[in-house]
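# Overview (structure and organization)
The lines below spell out each chain.
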Amino acid sequence: MQLPAVPGAVGLSLAAFPVSYALNCGAALAHPVAIAMMGVLVLLILFCMAYLLGEWSQSQDPLFYVFTVFSFTSVIDLIISLEEDGYISGFMEFYLKEGEPYLRTAYGIMICYWDGIVHYVLYLAMIMAITQRKNYRTLGLYWLGSLMMSIVVFLPGNMLGKYSSEIRPSFLLNVPYILIPIWAGMRLFSQPKSLPCCTAEKVVAEQQRSLYQRPLDLGLILFLMVAATFTFFRGLVVLDCPSDSCFDYIYQYEPYLRDPVAYPKVQMLVYMFYVLPFFCLGIYGLLRPGCTWLPDWALVFAGAIAQAQFSHVGSSLHHHTPYPYRTPEEVWWVFLLTNVLYALGPHLLAYRCLHSPGFFQPAAPTGQDGIKKHQ
């Protein structure tokens, strides 16, 4: 008998509330090692329940089980953020005290909000697509970039910042968030693309248009150039560049970059060494026709930058950030406008690549009837 998978996944994920409350009541005096073992046990039980749900819904995609389990952990993260902001209490206090105390930082709270809201919605959407035998590659690549960005900043920030002495055995519970996304990413990239159908003539005509005939592409190139410059500048700021402009920026506009938790420094370095090269490659892909890799990677980096900017902006303004490191109120609008535009640009690039992909498809002989739509 086939059962609806999405209601089952929602029910399983909402079980995070009674489970966390029960563990909080029974683990007040638990040792950090015991808390880590409880986390492993909960994950094993979750995978077993996800397997049963997958059997009932007749799902054959292994990512179904991953998304079902991660939807549960997303609700756990939402509980953590709500509890730390004082909206609820009595659920995760034991874990934050003896498990992962760095989740009480402003950055930890913001990534929990993102995981508990955005990732949760993506998990349910992808579970629904899997059960309906629909293509979820676009959603999956966006999720992949978002999750990987949070991990590559969060884990090094824990080890390098002021909470490096607070790492407990529960830190190892983050290992699946490194290994599983790598495996999931390989599966997502191997799935067939789902793009609008373009005839060979349309592809040729699109690729023969000059840059001046493509105003959107021209605007995106200008944005990528400005964003690349801004990315390089903020990288120099966290590397303690002695110039007056860097000094003024870090004290007047983004003092959060000086916060000893190290997350903002790691974030800016990730931008500098990974996002900056992508901006340059994006410019190349908009100038040279046939860069088939750009639509996929535009999606990945759009998700990554969205997560990063949400966490960075939220942490800069959050009351858990010490007052000397918060963004001054008199520059809020400049700070918000700059960072929102920084996050918006990659989404416009991804939209352009997906909405009109002819420029990025390999050139086909004009005698062909068309390029088949990928299923």
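Since this is a predicted model, take the numbers as computed values, not measurements.

Helix and strand counts for the chain stand at 14 helices and zero strands. Moving toward the C terminus, one meets the helices and strands of the chain in the order α-α-α-α-α-α-α-α-α-α-α-α-α-α. Whereas a compact globule of 375 residues would reach a radius of gyration of roughly 21 Å, the chain reaches 22 Å, a difference of no more than 12%. Projected onto the principal axes, the alpha-carbon positions of the chain cover approximately 75 × 70 × 30 Å. Once local pairs closer than 6 in sequence are excluded, the contacts in the chain between residues at least 24 apart make up 79%. If you sum the accessible surface of the chain, you get close to 17500 Å²; carbon and sulfur atoms cover 69% of it.

Our focus in this paragraph is the domain arrangement of the chain. Assigned domains of the chain: these are domain 1 (5-190) and domain 2 (203-360). In this structure, domain 1 and domain 2 have C-alpha centres spaced 27 Å apart. Between domain 1 and domain 2, a total of about 2600 Å² is buried, with carbon and sulfur atoms accounting for 73% of that surface. Summed over the three residues of domain 1 that lose the most area to domain 2, namely Met110, Tyr142 and Met149, the buried surface amounts to 24% of that side. Our enumeration of links across domain 1 and domain 2 arrives at one salt bridge. On the surface where domain 1 and domain 2 come into contact, there are eight residue pairs in polar contact (both at pLDDT 80 or more). Going through the elements one at a time, helix 6 (106-131) and helix 7 (137-160) are the ones with two or more residues in the side of domain 1 that touches domain 2. Examining the composition of the side of domain 1 that touches domain 2, we find that 15 residues originate from one element, helix 7, more than from any other.

Further remarks concern the nonpolar core. If you look at the biggest cluster of nonpolar residues, it comprises 99 residues, and the most contacted ones within it are Phe67, Phe70, Trp143 and Phe279. Counting contributing residues, this core receives three or more from each of domain 1 (5-190) and domain 2 (203-360). Residues within four places of phenylalanine 70 in sequence aside, it is in contact with Tyr123, Trp143, Leu147, Tyr177 and Ile180.

Moving on to unusual backbone geometry. Among all residues save glycine, negative phi is the norm, and among peptide bonds the norm is trans. We note that arginine 133 has phi near 60 degrees; this positive angle belongs to a residue other than glycine. Summarising the element assignment, arginine 133 is placed in the loop between helix 6 and helix 7. For alanine 262, which is not glycine, the phi torsion reads 80 degrees and is therefore positive. Examined against the element boundaries, alanine 262 turns out to sit in the loop between helix 11 (244-252) and helix 12 (263-287).

A word on a nonpolar patch on the surface. Together, Leu172, Val175, Ile178, Leu179, Ile182 and Met186 make up an exposed nonpolar region whose accessible area comes to about 570 Å². With respect to the helices and strands, the residue valine 175 is situated in the loop between helix 7 and helix 8 (176-190). By relative accessible area, which is 34% here, valine 175 ends up partly exposed.

We now examine the packing of aromatic side chains. Remark: the centre distance and the inter-plane angle together describe each pair of aromatic rings, the angle taken between the planes. In the structure shown here, the tally under the stated rule is 28 aromatic pairs. A ring pair is formed by phenylalanine 359 and phenylalanine 360, whose centres lie 5.5 Å apart and whose planes are at 90 degrees; its orientation type is edge-to-face. Of the residues examined, phenylalanine 359 reaches a relative accessible area of 0% and is grouped as buried. We classify phenylalanine 360 as buried; its relative accessible area is 2%.

A separate point is the environment of serine 81. As for its position among the elements, serine 81 is in helix 4 (residues 63-84). Once the C-alpha coordinates of serine 81 and glutamine 309 are considered, the two residues, 228 residues apart in sequence, prove to be 17 Å apart. The residues touching serine 81, leaving out its near neighbours within four places in the chain, are Ile109, Cys112 and Tyr113.

The UniProt feature table records "domain: EXPERA" (unreviewed entry) at residues 60-185 and 216-350. Counting secondary structure, residues 60-185 comes out at 70% helix and 0% strand; the distance between its end C-alpha atoms is 18 Å. Taken end to end, residues 216-350 comprises 74% helix and 0% strand; its first and last C-alpha atoms sit 12 Å apart.

This paragraph deals with the state of the cysteines. Here a disulfide denotes a covalent bond joining the sulfur atom of one cysteine to the sulfur atom of another. Scanning all chains against the criterion turns up zero disulfides. In this structure cysteine 291 is a free cysteine whose sulfur lies 9.8 Å from that of cysteine 353, the closest cysteine sulfur available.

To continue, consider the environment of valine 266. Tracing the backbone through its elements, the reader meets valine 266 in helix 12. Overall, valine 266 belongs to the buried group, its relative accessible area being 11%. When residues no more than four places from it in sequence are discounted, the contact partners of valine 266 are Val152, Val153, Pro156, Gly157 and Leu160.

In this section: the packing of helix 10 (residues 215-238) against helix 12. Working note: a packed helix pair is described by the angle between its axes plus the distance between those axes. Where helix 10 meets helix 12, the closest approach of the two axes is 8 Å, and the angle between their N-to-C directions is 155 degrees. Between helix 10 and helix 12, the angle falls in the class roughly antiparallel. Helix-helix and strand crossings are classified by hand; for helix 10 and helix 12 the assignment is left-handed. Looking at side-chain class alone, the contact of helix 10 with helix 12 contains 18 nonpolar, three polar and three charged residues.

Here the focus is the pattern of salt bridges. Under the definition given, this model contains 10 salt bridges. The salt bridge partner of arginine 104 is glutamate 84, with a shortest N-O separation of 3.3 Å. With arginine 104 in the loop between helix 5 (93-98) and helix 6 and glutamate 84 in helix 4, this pair connects stretches of sequence that are 20 residues apart. Taking the relative accessible area as the measure of exposure, glutamate 84 reaches 16% and is therefore buried. Here arginine 168 makes a salt bridge to glutamate 98, at a shortest N to O gap of 3.5 Å.

Rules behind the numbers
- Residues numbered from 1 in each chain as written.
- Predicted model: local features only at pLDDT ≥ 70, side-chain atom pairs only at ≥ 80, totals over all residues.
- Heavy atoms only, no water.
- Helix = DSSP H or I, 4+ residues; strand = E, 2+ residues; numbered from the N terminus.
- Rg over C-alpha atoms; globule rule 2.2 N^0.38 Å.
- Contact = heavy atoms within 4.5 Å.
- Areas by Shrake-Rupley, 256 points an atom, 1.4 Å probe, with all protein chains shown as cover.
- Domains from an automatic or database assignment.
- Buried area = accessible area lost by both parts, 1.4 Å probe.
- Salt bridge = Lys/Arg side-chain N within 4 Å of Asp/Glu carboxyl O.
- Polar contact = N/O pair within 3.5 Å; in protein donor to acceptor, adjacent residues only side chain to side chain.
- Core = buried A, V, L, I, M, F, W, Y, C linked by side-chain atoms within 4.5 Å.
- Buried < 20%, exposed > 50% of the residue type's maximum accessible area, 1.4 Å probe, protein only.
- Patch = residues over 30% accessible without salt bridge, like charges linked within 9 Å, V, L, I, M, F, W, Y side chains within 5 Å.
- Phe/Tyr/Trp six-rings, centres within 6.5 Å; stacked < 30°, edge-to-face > 60°.
- UniProt positions renumbered as here; feature names shortened; annotations may be inferred.
- Disulfide = S-S within 2.5 Å.
- Axes fitted to C-alpha atoms, helices over the stretch in contact; angles between N-to-C directions.
- Parallel < 35°, antiparallel > 145°, perpendicular 65-115°, else oblique.
- Left-handed = near helix turned anticlockwise from the far one by under 90°.
- Nonpolar A, V, L, I, M, F, W, Y, C, P; charged D, E, K, R; others polar.

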